[in-house]
Amino acid sequence: MREGQYPGGENLLAACERKRGRRTVLFISEKIPTYDRDAGSRTLDFYIQEFIKRGYIVKFIPNDLMGKEPYTHRLEQMGVEVFRGKRYQKTIINWIYTNYKLIDFVFLNYPCASMRYIDIFNRLGIPVMYYGVDLHYLRLQREYELTGNESIAEEARKFYEKEAYLIEHADVVYYPSQIEVEIVKKEFYREDVKQLMINIYDMDYISDAYDPGERDGIMFIGGYRHSPNADAVLWFSNKIFPRVYKELKICFYIAGADMSADISNIKAEGKD
């Protein structure tokens, strides 16, 4: 029997994937990562690529089980098995129970998607890594403090419960910043939580030294479905930038996905 093969008729899925000697990581997130539209997706896409480079078999379950092009096709061309479409809407849980022995560990991302699956993996004894892209409850708490909206306060309480559960029941917990790590340690009493950087870039190239004197203007890049980004741009445009422009006569550039009419129609001298 050749290296990497299984006895005839045995371990068909593992044989199909040439799994012998390779580990499998299952990513689960809310949606297919749209890596060029928001930072959370770019981070997820980066780590998917890193696991592929290291020889892992990578599978991906979007919680909505929907494909989004061209992003789904790109993942599949990279070798990622993406679970999507109507055929999985009633069978994805059965697939996990049937094939769980092929999964070495799970990379969970975002509270709602993670809550749907974490108990299953705990029950099956599959190690779970939870990567909290954001402390959602804290962001909502701060929004409530600004708005006084009770529905936001209730949403913050629900996210607190979800994040507390995930932090307690995951085998490994990571957050992007050390500030978030310290908050989790204090708020949820989990001392082994660690920082996992959003992106790590290959700096093995020659680049010119950064010279601030050759740069001009201010730029904000963000995804505007994320309300803190929209609030920040509107606040800066209305409250701060007019004073900056009066003194410096520089431009303010606004870039990013899902820009609302409130932002795209901002009327201010120097705004581009």
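Preceding this paragraph is the structure being described.
Since the structure is predicted, the reported quantities are computational estimates derived from the model, not experimental observations.

A. Region of interest: the overall build of the chain. The secondary structure content of the chain amounts to ten helices and nine strands. In the chain, 61% of the contacts between residues at least 6 apart in sequence involve partners at least 24 apart. For the chain, the accessible surface area stands at approximately 16500 Å², while carbon and sulfur atoms represent 51% of it.

B. Seen up close, the pairing of strand E4 (residues 105-109). Counting buried positions along E4 yields five of five residues, so the element is predominantly enclosed. Residues Phe-105, Phe-107 and Asn-109 point to one face of E4 and Val-106 and Leu-108 to the other, with burial holding for every one of them. Sheet topology places strand E1 (residues 24-29) next to E4; four bridges connect them, and they run parallel. Bridge pairing in E4 links Ile-28 to Leu-108. What joins E4 to strand E5 (residues 128-131) is helix H5 (residues 111-124), and the crossover it makes is right-handed.

C. Region of interest: helix H4 (residues 92-99). Among the residues making up H4, those that are buried are Ile-92, Trp-95, Ile-96 and Asn-99. The arc enclosing the buried residues of H4, seen along the axis, measures out at 100°, which places them on a common side.

D. Representation of the side chain of Ser-29. As for its position among the elements, Ser-29 is in strand E1. Not counting chain neighbours up to four residues away, the residues in contact with Ser-29 comprise Leu-44, Phe-60, Ile-61, Pro-62, Asn-63, Asn-109, Tyr-110 and Ala-113.

E. Structural detail: the sheet that holds strand E2 (residues 57-62). Pairing is parallel across the open sheet formed by seven strands, whose spatial order is E3-E2-E1-E4-E5-E6-E7. Of all strands in the sheet, those bounded by a partner on one side alone are strand E3 (81-82) and strand E7 (194-195). As paired elements, E5 and strand E6 (residues 172-175) share three bridges and run parallel to each other. Across the sheet, residue Tyr-131 finds its bridge partner in E6, namely Tyr-174.

F. Region of interest: unusual backbone geometry. Residue Pro-70 follows Glu-69 across a cis peptide bond; omega there is 5°. Relative to the helices and strands, Pro-70 is located in the loop between E2 and helix H3 (71-77). A positive phi angle, near 80°, is found at Tyr-110, a position not held by glycine. Looking at the element boundaries, Tyr-110 is found in the loop between E4 and H5. The class of Tyr-110 is partly exposed, set by a relative accessible area of 22%. Despite not being glycine, Lys-249 has its phi angle at roughly 55°, a positive value. The exposed category is assigned to Lys-249, whose relative accessible area is 53%.

G. Structural detail: the packing of H4 against H5. Running from N to C, H4 and H5 point in directions that differ by 20°, and their axes come no closer than 11 Å. The angle between H4 and H5 places the two elements in the roughly parallel class. Considering only the axes of H4 and H5, their crossing is right-handed. Each of Ile-92, Ile-93, Ile-96 and Tyr-97 in H4 lies in contact with H5, whose residues at this interface are Arg-116, Tyr-117, Ile-120, Phe-121, Arg-123 and Leu-124. Residue composition of the contact of H4 with H5, by class: eight nonpolar, no polar and two charged.

Parameters at a glance
The residue numbers shown here count from 1 along each chain, following its written sequence. Local features in this predicted model are restricted to residues of pLDDT 70 or higher, and side-chain atom pairs are both shown and tallied only at a pLDDT of 80 or more, whereas totals for entire chains, interfaces and linings draw on every residue. Only hydrogens and water are removed before side-chain values are computed, so all heavy atoms of the structure are retained for them. Labels follow the DSSP assignment, with helices taken as runs of H or I lasting at least four residues and strands as runs of E lasting at least two, numbered in each case from the N terminus. Contacts are assigned to residue pairs that have any heavy atoms within 4.5 Å of one another. Here the Shrake-Rupley method, with its probe set to 1.4 Å, supplies the accessible areas, and only the displayed protein chains count as covering residues. A simple rule labels every residue: compare its accessible area, found with a 1.4 Å probe on the protein chains alone, to the largest value its type can have, and call it buried under 20%, exposed over 50%, or partly exposed in between. Pairing between strands is defined by DSSP: at least two bridges between them are needed. Whether a crossover is right-handed comes down to one check: with the strands pointing away from the viewer, does the path from the first strand over the helix to the second run clockwise; if it does, it is right-handed. Of all possible arcs, the one meant is that of the directions from the helix axis to the C-beta atoms. All axes here are fitted lines through C-alpha atoms, helices being fitted over the stretch that makes contact, and every angle between N-to-C directions spans 0 to 180 degrees. Oblique is the label for any angle not under 35 degrees, not over 145, and not in the 65 to 115 range, which are roughly parallel, roughly antiparallel and roughly perpendicular in turn. For any pair of crossing helices, the crossing counts as left-handed if the nearer helix is rotated counterclockwise from the farther one by less than a right angle, and right-handed if it is rotated clockwise. In the scheme used here, Gly and all other residues not listed as nonpolar or charged are polar, with Ala, Val, Leu, Ile, Met, Phe, Trp, Tyr, Cys and Pro taken as nonpolar and Asp, Glu, Lys and Arg as charged.

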